[in-house]
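# Results of the structural survey
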Amino acid sequence: MSTVATPSVDPVLPTRLPIRLIDENGVAVEGEQTAGFTIPDVATLLDLYRKMVLARRFDAQVTALTRQGRLATYPSALGQEACEIASVAALGPTDWLFPTYRDTIALLTRGVSPVEILSFFRGDWHGGFDPHEHRISPQSTPLATQALHAVGLATAAKLKHDDTVALTFLGDGSTSEGDAHEAFNFASVWQAPAVFVIQNNQYAISVPFSKQSHARTLADRAIGYGMPGYFVDGNDVAAMFAVITASIDRARTGGGPTMIEGLTYRMESHTNSDDPTRYRDASEVEHWRRLDPVERLEKYLTDIGALTDEVRLSITSDAEDLATLTRDAMNETPVIDPLSLFDHIYAQPRPALLEQREFLARELASIEPGTPS
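Analysis parameters
- Residues numbered from 1 in each chain as written.
- Predicted model: local features only at pLDDT ≥ 70, side-chain atom pairs only at ≥ 80, totals over all residues.
- Heavy atoms only, no water.
- Helix = DSSP H or I, 4+ residues; strand = E, 2+ residues; numbered from the N terminus.
- Rg over C-alpha atoms; globule rule 2.2 N^0.38 Å.
- Buried < 20%, exposed > 50% of the residue type's maximum accessible area, 1.4 Å probe, protein only.
- Areas by Shrake-Rupley, 256 points an atom, 1.4 Å probe, with all protein chains shown as cover.
- Polar contact = N/O pair within 3.5 Å; in protein donor to acceptor, adjacent residues only side chain to side chain.
- Contact = heavy atoms within 4.5 Å.
- Pairing = 2+ DSSP bridges.
- Axes fitted to C-alpha atoms, helices over the stretch in contact; angles between N-to-C directions.
- Core = buried A, V, L, I, M, F, W, Y, C linked by side-chain atoms within 4.5 Å.
- Parallel < 35°, antiparallel > 145°, perpendicular 65-115°, else oblique.
- Left-handed = near helix turned anticlockwise from the far one by under 90°.

## Structural notes on the overall build of the chain
- When you go through the chain residue by residue, the secondary structure sums to 13 helices and seven strands.
- Scaling as 2.2 N^0.38, a compact globule of 373 residues should have a C-alpha radius of gyration of about 21 Å, and the chain matches this with 23 Å.
- When its C-alpha atoms are laid out on the principal axes, the chain stretches across 80 × 65 × 50 Å.
- Of all 373 residues assigned to the chain, the portion counted as buried reaches 47%.
- Summed over all atoms, the accessible surface of the chain reaches about 18700 Å², with 55% contributed by carbon and sulfur.

Structure, rendered in structure tokens:
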């Protein structure tokens, strides 16, 4: 009986370095690692820097409010600013964003007010903003479900012959969901104008990427779906913006979907109820702290003379104004109508729902004013 010889050592895949335009020291990158992309102009980089500084200050303020008990929960995006801000900055005014629960700073950058954003995390309402006004879908807590919604909207736009592009965020953990596979597959089959931005922060809550996938990169999966895939340094906002902009332009002109993986890191806990010290070492966090996306761009802009002390002071002042606005908004007691629970469920309310609404209305009417409910 013949046998097939097996190699004595495992095959070694070639090194896959992420696309990068500005390195961790704030120095412009040249050569193969740029993959042919170029650094955006100075005005664009200054705008990206300003947006990242404001987003980080907002994120820190909201985290503080959560620890003070003024919000129910909050998933911080500290350390992931480059992925989120680059994505929103690349979108056109008619494009749609499909965020996850962690993408609050993306909503802020897209123009949603702190009050509208935080009503969701305070438990006042399922979503505090008008999706059509901002062209942002409600933040998705179930993993990967919004990816299918993005493909649906993008396909509808294609059928209507308009140039709308749908961009959706996914986490590395979300890519293990069946919904993600279906979204990738149908987007490619239908050549939908969709862009998938995977923020690989390397942990699905407490599960490290190494226990989720044996692939070199998540972007490698793109070839199996028949779409382009890019593996990008997710802490390099210049590279993320360049790749996402090109992908949106490609989708808008009929080129179909693109998968982009931004390799980044979640500096804070998964949410305020999580203890990350149980599953990752402090040395790992410190390593990624040295790769900070905001500091990286700041070094580059300072070295080329674009970020002066005057400009930096102006941005910092705007960030503090935003933090004050956020604190003041959360200090106000919201006016909530319990009967609004029954609104916007059915176009024509069902008898059972009307009966429940009337029952609650009678209960509320029986409570003396000023009595704790």
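## Details of the side chain of Q139
- Inspection of the secondary structure puts Q139 in the loop between α5 (131–134) and α6 (145–159).
- You can call Q139 buried: its relative accessible area is 11%.
- Side-chain polar atoms of Q139 contact the backbone oxygen of T100, separated by 3.2 Å.
- In terms of polar contacts, Q139 uses its side chain to reach the side chain of T104, at 3.4 Å.
- Those residues within four positions of Q139 in sequence are excluded, and the remaining contacts are P99, T100, Y101, R102, D103, T104, L107, F120 and F121.

## Regarding the sheet that holds strand β1 (residues 96–98)
- Within the open sheet, the five strands sit side by side as β1-β2-β3-β7-β6. Their pairing is parallel. Every interior strand has two partners, whereas the edge strands, β1 and β6 (229–233), have only one. Direction aside, the axes of adjacent strands within the sheet are offset by 20° on average.
- By the bridge criterion, six bridges tie strand β2 (residues 166–171) to strand β3 (residues 194–200) in an arrangement that is parallel. Directly across from A166, in β3, lies its bridge partner A194.

## Topic: the nonpolar core
- Formed by 63 residues in total, the largest nonpolar core has its most connected members in L167, I244 and L297.
- The residues contacting L167, other than those within four sequence positions of it, are S87, L91, W96, L97, F98, V195, V197, I244 and I248.
- Counting 23 residues, the second-largest nonpolar core is a separate cluster that includes V151, A166, L170 and A187.

## Some words on the environment of A187
- Here A187 shows up in helix α7 (residues 178–189).
- The exposure class assigned to A187 is buried, which follows from its relative accessible area of 0%.
- Separated by 70 residues in sequence, A187 and P257 place their C-alpha atoms 6.2 Å apart.
- Discounting residues that sit within four places of it in the chain, A187 has contacts with V151, A192, F196 and P257.

## Some points on the packing of helix α1 (residues 42–67) against helix α12 (residues 309–331)
- Here α1 crosses α12 at 30°, and the two axes come no closer than 9 Å. It follows from the interaxial angle that α1 and α12 lie roughly parallel. Relative to α12, the crossing made by α1 is right-handed. Between α1, through Y49, R50, V53, L54, R57, F58, Q61, V62 and L65, and α12, the contact on the second element is made entirely by R312, I315, D318, A319, E320, L322, A323, T326, R327 and M330.

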